[in-house]
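A closer look at the structure
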Amino acid sequence: MTSYIPLSLVELALASILIVVNGAISVAYGLRLEKSLAVASLRMVLQLGIVAMALKFIFAQTNPLWTLLFVTVMAVATIAEVIMRQERRLKGWRALSLSASPAFLAGLVTTLVALLLIQPQPWYAPRFLLPILGMLVGNSLSGVALVLDTITGAASRERRVIEARLALGATRHQAFEDILRRGLRTGLMPVLNGMAAAGIVSLPGMMTGQILAGVDPVEAAKYQIMIMFLIAGATAIGVVAGGFAAVHLLTDDRHRLRLDRLTAPSD
Amino acid sequence: MLRVDKLVVAPLPPLSFTVANGECLAVEGPSGSGKSRLLRAIADLEEARGHVFLDGAERSEMRAPSWRRLVRYAATEPMWWTETARAAFPAPTSTARSQVSSALAALLADLALDASLLDKPVSDLSTGERQRLAFARAVIDGPRVLLLDEPTNGLDAASQARVEILIQRELKAGRSVVLASHDSSQIDRLADARLQLARPATLPRATLAADATLPPRGMTQ
């Protein structure tokens, strides 16, 4: 089990040639993607480099406060990312963080479940906690961003229908039931598709990583199966909480539709 | 009796009026003068300062959905969100189910609508059929006050007459009606009182002229 082969910077540089091919295609066909491509590649390298150094540092510490700091930064970054992905955003910090925080909280709760299952020593060992939290929050984030975007978009497009239902005496939940259902489906679809395709169409990233690191494929698959269940759980919790939060924030206690709480569409 | 007390629908001045049982108040005014917004504010669909009472009970004393079952707003352009019209009718309580269905059948007959239209795809219905079905939907569960926003918009003369007869029947049954209409002869036929909404005179002319070049604010008709 010692088949792990370290990479040198030379090999990384060689791999980056493939990005240049990408850029060449963009120039040849006038896609004008070369700038975004360069920025995205550079961001990816920098982000992964910084996070790797941060993790290395934290793993070397014994004080759990460093882990807590990293988790806090992740929480802020998650909420910011969910907000950035909205075409029409809720106004005000309170509403924004209320609607986006399920993405992080759902990941956090399911991470604690994972730690209960894996039982690392100590339970907050950053080598287990941080990668699992990152994976769960990342998936939950996509789901929550989708459900929020679906609901705010549908609410502004279908304003008249919602108000017609309210006028007939529907509660805000009844008036939003179709839209909420659509939002939940949209938010959960990527995870369901991902589970269905895992292993056939794609080998999940974590399993690939473990196999490359020399772990027995069967052991890697076991880990992957557990993570898949946790991802599904984190996404479901985040999507449902985010969906209900969106309906609540877009209406008031007099069951009125409050589109004035949304900003104008961006772009 | 519907009583509106200092209801503020900006930019209109605070409005106070009462509409007795069996009485019809017509709200007149040019497009964009706030007729729809006034009706929506009474139904509590739009936030507005001031008070609205039904038989002495203030609307904040009851849950908003209960208020809107008693004080029913019917928009100019009816909305249908289900495959068939029937599914978008208010669900009757189980005890009243058979009574409602016979009342609905009678109501549709009075509107010259075949009951089979209820189970056809809404997209197959004509504009006039959808408009008349929406009127039936607005009155079938017996609201006490009807806030009708141009209820005969897009109807031919015969259908318009049928709807007006039904409005008069609701009035005879003791309902209060607030009618927003562009049609002065319709107002003559139905209304007991009139409320004229004008563009607010307090705004300087320059502001009004500048406004005219901007897209209309809020609701327009």
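Here, every reference points to the structure presented above.
Here we summarise the structure given alongside this text. (Residues numbered from 1 in each chain as written. Chains lettered and ligands numbered in written order. Predicted model: local features only at pLDDT ≥ 70, side-chain atom pairs only at ≥ 80, totals over all residues. Heavy atoms only, no water.)

For chain A, the count of helices and strands is 11 helices and zero strands. Along chain A, from the amino end to the carboxyl end, the secondary structure elements read α-α-α-α-α-α-α-α-α-α-α. Principal axes of the C-alpha set define a box for chain A whose edges measure 70 × 55 × 35 Å. Going through the 267 residues of chain A one by one, you find that 39% of them count as buried. Of all intrachain contacts in chain A linking residues separated by at least 6 positions in sequence, the fraction that spans at least 24 positions is 72%. For chain A, the accessible surface area stands at approximately 15300 Å², while carbon and sulfur atoms represent 70% of it. The average position of the 23 basic charges and that of the 15 acidic charges among the side chains of chain A differ by 5 Å. (Helix = DSSP H or I, 4+ residues; strand = E, 2+ residues; numbered from the N terminus. Buried < 20%, exposed > 50% of the residue type's maximum accessible area, 1.4 Å probe, protein only. Contact = heavy atoms within 4.5 Å. Areas by Shrake-Rupley, 256 points an atom, 1.4 Å probe, with all protein chains shown as cover. Lys, Arg positive; Asp, Glu negative; His and termini not counted. Charge placed at Lys NZ, Arg CZ, Asp CG, Glu CD.)

Summarising burial for helix 1 (residues 35–42) of chain B: eight of the eight residues are buried, a large majority. Taken together, the buried positions of helix 1 of chain B are B:Lys35, B:Ser36, B:Arg37, B:Leu38, B:Leu39, B:Arg40, B:Ala41 and B:Ile42.

For the rest of this paragraph, the subject is the pattern of salt bridges. Under the counting rule described, the total for this entry stands at 27 salt bridges over all chains. A salt bridge links A:Glu81 to A:Arg85, with the shortest nitrogen-to-oxygen separation between them at 3.1 Å. Since its relative accessible area comes to 39%, A:Arg85 is described here as partly exposed. Between B:Asp44 and A:Arg254 there is a salt bridge, with the nearest N and O atoms lying 2.8 Å from each other. Taken together, the positions of B:Asp44 in the loop between helix 1 and strand 4 (49–54) and A:Arg254 in the segment after helix 11 (217–249) put the pair across two chains. Sharing partners across several salt bridges, the network here consists of A:Asp252, A:Arg254, A:Arg256, A:Arg258, A:Asp260, B:Asp44, B:Glu47 and B:Arg59. (Salt bridge = Lys/Arg side-chain N within 4 Å of Asp/Glu carboxyl O.)

For the rest of this paragraph, the subject is the sheet that holds strand 4 of chain B. Residue and element names in this part refer to chain B. Taken in spatial order, the four strands make up an open sheet running 2-1-4-5, and their pairing is antiparallel. Two strands lie at the open edges of the sheet, namely strand 2 (15–19) and strand 5 (57–58), each paired on one side alone. Bridge count between strand 1 (residues 2–8) and strand 2: four bridges; the pairing is antiparallel. Its bridge partner being in strand 2, Val4 is matched across the sheet by Phe17. The sheet strands contacting helix 1 are strand 1, strand 2 and strand 4, and the helix crosses strand 1 at an angle near 115 degrees. (Pairing = 2+ DSSP bridges. Axes fitted to C-alpha atoms, helices over the stretch in contact; angles between N-to-C directions.)

At the interface, 21 residues of chain B touch 17 residues of chain A. With both sides pooled, the region where chain B packs onto chain A buries about 1800 Å², and carbon together with sulfur makes up 52% of that total. Summed over the shared surface of chain B and chain A, the result is five salt bridges. Ionic pairing is found between A:Arg258 and B:Glu47, a salt bridge with its closest N-O pair at 3.3 Å. At the boundary of chain B with chain A, the tally comes to 11 residue pairs in polar contact (both at pLDDT 80 or more). Contributing elements (two or more residues each) for the side of chain B that touches chain A: helix 2 (64–70) and strand 6 (71–74) of chain B. Looking at the side of chain B that touches chain A, the element that brings in the most residues is helix 2 of chain B, giving four residues. Here the side of chain B that touches chain A is built from residues that sort into nine nonpolar, one polar and 11 charged. (Buried area = accessible area lost by both parts, 1.4 Å probe. Polar contact = N/O pair within 3.5 Å; in protein donor to acceptor, adjacent residues only side chain to side chain. Nonpolar A, V, L, I, M, F, W, Y, C, P; charged D, E, K, R; others polar.)

Residue and element names in this part refer to chain B. What the five strands build is an open sheet, ordered 6-7-8-3-9; its pairing is parallel. The open sheet has two edge strands with one neighbour each: strand 6 and strand 9 (193–196). Taking the axes of each pair of neighbouring strands and ignoring which way they run, one obtains an average angle of 15 degrees across the sheet. Pairing of strand 3 (residues 24–28) with strand 8 (residues 176–180), which is carried by four bridges, proceeds in the parallel orientation. Counted as the bridge partner of Val27 is Ala180 from strand 8.

Here we take up unusual backbone geometry. A:Gln121 connects to A:Pro122 through a cis peptide bond whose omega is -15 degrees. Inspection of the secondary structure assignment puts A:Pro122 in the loop between helix 5 (93–118) and helix 6 (126–157). For the peptide bond that leads from B:Ala10 to B:Pro11, omega is 5 degrees, which places it in the cis range. Considering the arrangement of structural elements, one finds B:Pro11 in the loop between strand 1 and strand 2. With a phi close to 45 degrees, B:Glu150 is a non-glycine residue in the positive phi region. Tracing the backbone shows B:Glu150 in the loop between strand 7 (145–149) and helix 5 (157–172). The exposure class of B:Glu150 is buried, given its relative accessible area of 10%.

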